[in-house]
Amino acid sequence: MSLIGHDEAWSQWRRALDGNRMHHAWLLAGKKGLGKASFAQAAARELLGGEGGAEHPDILTLTYGPKNKEEAKKRDDGKPFELARGIKVDQVRDIQRRLTTRPTLGSKRAVIIDPADDMEVSASNALLKSLEEPPQGTYFLLIAHSPARLLPTIRSRCRTVRFSPIGKEAMDDLLRDLAPEADIASRDAAIAASSGSPGSALTFLKYELGKPAQLMRTILEQGDRDFVLRGQLAGAIGAKQDIPRLQAVLGLARAILSERTHQHAGNPAGLVDTHAELVRLSAEQPTYNFDPGLLGMEIGTLLVQAGAASERGNG
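Reading the values: rules and limits
Residues numbered from 1 in each chain as written. Predicted model: local features only at pLDDT ≥ 70, side-chain atom pairs only at ≥ 80, totals over all residues. Heavy atoms only, no water. Helix = DSSP H or I, 4+ residues; strand = E, 2+ residues; numbered from the N terminus. Expected span 1.5 Å × (residues − 1). Buried < 20%, exposed > 50% of the residue type's maximum accessible area, 1.4 Å probe, protein only. Pairing = 2+ DSSP bridges. Right-handed = clockwise from strand over helix to strand, strands pointing away. Salt bridge = Lys/Arg side-chain N within 4 Å of Asp/Glu carboxyl O. Axes fitted to C-alpha atoms, helices over the stretch in contact; angles between N-to-C directions. Contact = heavy atoms within 4.5 Å. Polar contact = N/O pair within 3.5 Å; in protein donor to acceptor, adjacent residues only side chain to side chain. Lys, Arg positive; Asp, Glu negative; His and termini not counted.

(A) The arrangement of helix α10 (residues 210-222) in detail. Given a rise of 1.5 Å per residue, 13 residues ought to cover 18 Å, and the 18 Å separating the end C-alpha atoms of α10 matches this to within 8%. Looking one or two places after α10, you find G223, whose phi comes out positive at around 80 degrees.

Right, dumping it as structure tokens:
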């Protein structure tokens with residue numbers, strides 16, 4: 001992921017690094033898909049002098065692990081193992097044991113925790129001990145999409161760097177660089193639906209969701225009395241049972257609905273209800289393996305309802 005659009009974050013990091021005022025714990029805060037993880041990797045590598053190859057031995061990453069030891073043993077069959085919900089205390093303690101040894105290549109080490117705001121309470125309490133008494137030469141980078149979910153005692157020990165949505169012009173430059181094969185219409189649709197999130201924009205481009213985005217916006221603005229647009233939306237989504245793509249379709253619908261909610265902040269009740277239904281669909285879709293066409297019709301119907309709710313609010 002390119003780091004376009006995060007000049008202020010880089011400025012804060014480099015001022016601390018160049019001025020020998022590097023804080024031992026940093027909180028990288030902002031919504032998902034803004035490039036916080038890419039920033040953390042690049043910042044950690046800069047902290048360590050830019051050496052060590054692709055897999056730097058002194059950059060330790062703490063993220064979701066396998067649900068249990070039995071799952072971990074399945075890695076040799078070529079299939080991905082099932083990930084646990086939330087970072088576990090055993091994972092934190094494993095990192096802490098590794099921090100009792102000296103760094104491999106130099107005198108510094110970086111620990112990236114992603115997402116730090118999805119740790120179990122016991123894991124958070126264990127981490128707090130390391131933040132209170134960090135091992136010498138160890139620096140923590142905590143990635144959080146919802147910083148308020150972190151323990152206040154953890155937040156208070158970190159220097160916070162806030163990541164904001166990327167502007168349209170910078171986003172267009174980024175997509176031209178990372179997805180040069182995408183046409184203008186697809187880029188514009190991805191940018192409009194991404195709410196300033198490069199990760200979301202690239203996902204929408206990857207799954208060629210320009211046409212569905214256009215249809216969703218038309219349904220939301222104009223309604224669909226005769227079900228014609230909903231049929232077109234179902235056709236644009238296609239008939240293939242592609243779970244990641246259908247999840248991206250649902251993410252696109254939520255993003256477009258969020259735009260509408262911000263535009264009608266005075267009376268968002270109906271929009272919020274519709275957003276909740278889309279979240280429900282997102283949770284149920286992998287379980288029930290929705291038919292793509294049926295999913296398109298249901299999304300279209302929810303957007304029709306949301307459009308009517310916002311019009312009533314303005315009436």
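On we go.
(B) Layout of the pairing of strand β4 (residues 138-144). Burial within β4 is extensive, with 7 of its 7 residues counted as buried. In the sheet, strand β3 (residues 109-113) pairs with β4 via 5 bridges, with the strands oriented parallel. Paired with I113 across the bridge in β4 is L142. For the handedness criterion, the β-α-β arrangement of β3, helix α5 (residues 121-132) and β4 is classed as right-handed.

(C) Spotlight on the pattern of salt bridges. With the rule as written, the count across this model stands at 9 salt bridges. A salt bridge links R14 to E46; the shortest N-O distance between them is 3.1 Å. Of this pair, R14 sits in helix α1 (residues 7-18) while E46 sits in helix α2 (residues 36-47), and the two are 32 residues apart along the sequence. Here D172 makes a salt bridge to R187, at a shortest N to O gap of 3.2 Å. Of this pair, D172 sits in helix α7 (residues 168-178) while R187 is found in helix α8 (residues 184-194), placing the two residues 15 residues apart along the sequence. R187 matches D172 in its accessibility class, with the two residues each being buried.

(D) Seen up close, the sheet that holds strand β1 (residues 25-29). The strand order across the open sheet formed by 5 strands is β2-β3-β4-β1-β5, and the pairing between neighbours is parallel. Whereas interior strands pair on both sides, the edge strands pair on one side only; in this sheet they are β2 (59-62) and β5 (159-162). Shown here is a sheet whose adjacent strand axes are inclined to one another by a mean of 20 degrees, direction ignored. Examined bridge by bridge, β1 and β4 share 5 bridges and lie parallel to one another. Each residue of the ladder has a partner; that of L28, found in β4, is I143. Where α1 meets the sheet, its contacts fall on β1, β4 and β5, and the angle it forms with β5 comes to roughly 150 degrees. Contacts between α5 and the sheet are confined to β1, β3 and β4, with β4 contributing the most and set at about 140 degrees to the helix.

(E) Spatial organisation of the side chain of H24. As for its placement among the helices and strands, H24 is situated in the loop between α1 and β1. Within the structure, the side chain of H24 is placed 2.8 Å from the backbone oxygen of L131, a separation counted as a polar contact.

(F) Region of interest: the side chain of D117. With respect to the element layout, D117 can be found in the loop between β3 and α5. Among buried charged residues, D117 stands out as having no salt bridge; its nearest opposite-charge side chain is R149, 4.5 Å away. Of the polar contacts made by the side chain of D117, one reaches the backbone nitrogen of S146; its length is 2.7 Å. Setting aside residues up to four positions removed in sequence, D117 forms contacts with I143, A144, H145, S146, R149 and L150.

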